[in-house]
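Descriptive analysis of the structure
So you can see what is in the structure, the chains are spelled out below.
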Amino acid sequence: MSGAPRTVSAALTWSDKFLLGYAPMDRTHEEFVACVAALQAATDAELPACLETLAAHCARHFQQEEQWMAGTEFPSAQCHADEHAAVLTSVHEVQALWGQPEHAARAAAVARNLAQALADWFPGHADYMDAALSHWMAKRNLGGTPVVLRRGVAAPRASRPG
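Residues numbered from 1 in each chain as written. Predicted model: local features only at pLDDT ≥ 70, side-chain atom pairs only at ≥ 80, totals over all residues. Heavy atoms only, no water.

Glancing now at the packing of aromatic side chains. All told, the structure shown has six aromatic pairs when counted by the stated rule. Ring geometry for Phe32 versus Trp121: centroids 6.1 Å apart, planes at 70°, classification edge-to-face. Of this pair, Phe32 sits in helix H1 (residues 23–41) while Trp121 is found in helix H4 (residues 104–142), placing the two residues 89 residues apart along the sequence. For Phe32, a relative accessible area of 0% puts it in the buried group. Joined through ring pairs, the aromatic side chains of Trp14, Phe18, Phe32, Trp121 and Phe122 make up one cluster. (Phe/Tyr/Trp six-rings, centres within 6.5 Å; stacked < 30°, edge-to-face > 60°. Helix = DSSP H or I, 4+ residues; strand = E, 2+ residues; numbered from the N terminus. Buried < 20%, exposed > 50% of the residue type's maximum accessible area, 1.4 Å probe, protein only.)

Here you go:
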């Protein structure tokens, strides 16, 4: 089994539902989703390289968002940065397992659990933390909130009085 790709029932895939209306953030989020999806689909042999790619991406991604928060005096910056730090710590802890022979047998399972945890975490983080940052930056820099056009995502139906 170690050579076969893993099939994950809840694979993270990019869609317009993740768009927040700030193009640099949206591009970074699309890259994050691709990194997590690659980790989810990786063979055991591919996992260390996928973890390395994910770790490098997260470091750049989170640093950029934290620079945006600092540059715009975002009120929830510390809470947001704390989530980033927790994710990066988890990624680094899983990477460290690969270098420890006593943990080699469980390293792949832990990496797959991390991939699923990130797939579960990201939509909520993007919807709440990152959307708030996107709106804050648009308001501070442009005087309004971003307009987001999502293809293939159904809008809620307005109810009509009877």
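Read on for the rest.
So, about the nonpolar core. Grouped burial of nonpolar side chains is what soluble globular proteins tend to show. Counting 27 residues, the largest nonpolar core has Leu12, Phe32, Val36, Leu39, Leu54, Leu118 and Phe122 as the members making the most contacts within it. Listed by contribution, the elements that provide at least two residues to this core are H1, helix H2 (47–72), helix H3 (77–98) and H4. With eight residues, the top contributor of residues to this core is H4. When sequence neighbours within four positions are dropped, the list of residues in contact with Leu54 reads Phe32, Cys35, Val36, Leu39, Val91 and Leu118. Ranked by size, the runner-up nonpolar core spans eight residues in total, among them Met25, Trp68, Ala131 and Leu133. (Core = buried A, V, L, I, M, F, W, Y, C linked by side-chain atoms within 4.5 Å. Contact = heavy atoms within 4.5 Å.)

Taken as a whole and assessed by the stated rule, the structure comprises one salt bridge. A salt bridge links Arg112 to Asp44; the nearest nitrogen and oxygen atoms lie 2.6 Å apart. Of the two residues, Arg112 is situated in helix H4 and Asp44 in the loop between H1 and H2; the sequence distance between them amounts to 68 residues. Arg112 sits in the buried class, given a relative accessible area of 11%. Exposure remark for Asp44: the relative accessible area of 23% places this residue in the partly exposed category. (Salt bridge = Lys/Arg side-chain N within 4 Å of Asp/Glu carboxyl O.)

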